[in-house]
Amino acid sequence: MAQVKVYYDREGNTLTVWFGDPRDEYVCEETGDEVVLMKNREGQVIGFEKLNYSLSRTEDLSVAFEAVAV
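Residues numbered from 1 in each chain as written. Predicted model: local features only at pLDDT ≥ 70, side-chain atom pairs only at ≥ 80, totals over all residues. Heavy atoms only, no water.

### Considering the environment of Gly47
Short version of the rule: Secondary structure elements follow DSSP: runs of H or I of four or more residues count as helices, runs of E of two or more count as strands, with numbering from the N terminus. The rule is simple: take the accessible area with a 1.4 Å probe, protein chains only, and divide by the maximum for that residue type; under 20% is buried, over 50% is exposed, in between is partly exposed.
Examined against the element boundaries, Gly47 turns out to sit in strand E5 (residues 45-51). Here Gly47 falls in the buried class, since its relative accessible area comes to 0%. Taking the C-alpha atoms as reference points, Gly47 and Val4, 43 residues apart in sequence, are found 9.1 Å from one another.

### A few points about the side chain of Asn40
Definition in use: Each polar contact in these results corresponds to two N or O atoms within 3.5 Å; when the atoms are within protein, one needs to be able to donate a hydrogen and the other to accept it, and residues that are neighboring in sequence are counted only if both atoms are side-chain atoms. The criterion used for residue contact is that any of the two residues' heavy atoms lie within 4.5 Å.
Tracing the backbone through its elements, the reader meets Asn40 in the loop between strand E4 (35-39) and E5. There is a polar contact of 2.9 Å between the side chain of Asn40 and the backbone nitrogen of Gln44. Setting aside anything within four residues of it in sequence, one finds Asn40 in contact with Asp24, Tyr26 and Ile46.

### Observations concerning the pairing of E5
The two faces of a sheet get side chains in turn, since along a regular strand they alternate between them. Applied cut-off: If DSSP finds at least two bridges between two strands, the strands pair.
With 5 bridges connecting them, strand E2 (residues 14-18) and E5 associate as antiparallel partners. The partner of Trp18 across the bridge, within E5, is Gly47. Across 5 bridges, the pairing between E4 and E5 is antiparallel. Of the residues in E5, the one forming a bridge with Val36 is Glu49.

### Digging into the side chain of Lys39
As for its placement among the helices and strands, Lys39 is situated in strand E4. A relative accessible area of 15% places Lys39 in the buried class. Once residues within four sequence positions are removed from consideration, Lys39 is found in contact with Asp24, Glu25, Tyr26, Val27, Glu29, Gln44, Val45 and Ile46.

### Some remarks on the sheet that holds strand E1 (residues 5-9)
The condition is simple: The angle between two axes is taken between their N-to-C directions and runs from 0 to 180 degrees, where each axis is a line fitted to C-alpha atoms and a helix contributes only its stretch in contact.
What the 5 strands build is an open sheet, ordered E1-E2-E5-E4-E3; its pairing is antiparallel. A single partner strand is all that each edge strand has here, and the edge strands are E1 and strand E3 (27-30). Within the sheet, the average angular offset between the axes of one strand and its neighbour, ignoring direction, is 15°.

Here it is, written out as structure tokens:
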């Protein structure tokens, strides 16, 4: 079963999303839009980090997923 891991760092103002194993991270690539892509040795994107992401103290972080047939 595939897993998606979402981490919000309120102090660092980052939102990190992994849809691959974080231990497989080999290189990071900045996109120029305050987004960092984490890639494995094969160059596949296994996660991303949004920089300068913040929620107000009263907002909750909500994550929704939808599976689609390919």
